[in-house]
Amino acid sequence: MKPIKLPKEQRDIITENIRAYFEEERGEEIGHLAADNLLEFFLKELGPAIYNGALSDCRTLVEQRMQSLEEDIYALEWKKR
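What this report covers is the structure whose coordinates are included nearby. (Residues numbered from 1 in each chain as written. Predicted model: local features only at pLDDT ≥ 70, side-chain atom pairs only at ≥ 80, totals over all residues. Heavy atoms only, no water.)

With that settled, the discussion passes to the packing of aromatic side chains. Per the counting criterion, the structure on display carries two aromatic pairs. A centroid spacing of 6.0 Å and a plane angle of 85° characterise the contact between Tyr21 and Phe22, whose relative ring orientation is edge-to-face. For Tyr21, a relative accessible area of 46% gives the class partly exposed. When its relative accessible area of 15% is taken as the criterion, Phe22 is described as buried. (Phe/Tyr/Trp six-rings, centres within 6.5 Å; stacked < 30°, edge-to-face > 60°. Buried < 20%, exposed > 50% of the residue type's maximum accessible area, 1.4 Å probe, protein only.)

Here you go:
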């Protein structure tokens, strides 16, 4: 799997949210670089699990839609009386 790349604007917002979390919840100040490194760590550690979970959800949705489509097609079949 390719590393997860976030757009700069989104990455900056998340980095600032990490800094705010540390200050509000832990009473610690961390710099931008430390917050960005933490974000990178979480992307590497959590990214694959989140990605795979999203694919699983997508697979389930496609299976449900295919089942529904199959039922619709079956309903269209001409039935001889």
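Counting across every chain of the model gives five salt bridges. Put simply, Asp12 and Lys8 hold a salt bridge, and the shortest N to O gap is 2.8 Å. Linking Asp12 with Lys8, this pair stays in helix α1 (residues 8-26), spanning four residues, or about one helical turn. Its relative accessible area of 28% is what places Asp12 among the partly exposed residues. Lys8 gets classed as exposed once you look at its relative accessible area, which sits at 63%. Glu40 serves as the salt-bridge partner of Arg11, at 2.6 Å between the closest nitrogen and oxygen. Linking Arg11 in helix α1 with Glu40 in helix α2 (residues 32-76), this pair joins segments that are 29 residues apart in sequence. Among the residues examined, Glu40 registers a relative accessible area of 25% and is labelled partly exposed. A cluster of three or more residues bridged by salt bridges with shared partners is formed by Arg11, Asp36 and Glu40. (Salt bridge = Lys/Arg side-chain N within 4 Å of Asp/Glu carboxyl O. Helix = DSSP H or I, 4+ residues; strand = E, 2+ residues; numbered from the N terminus.)

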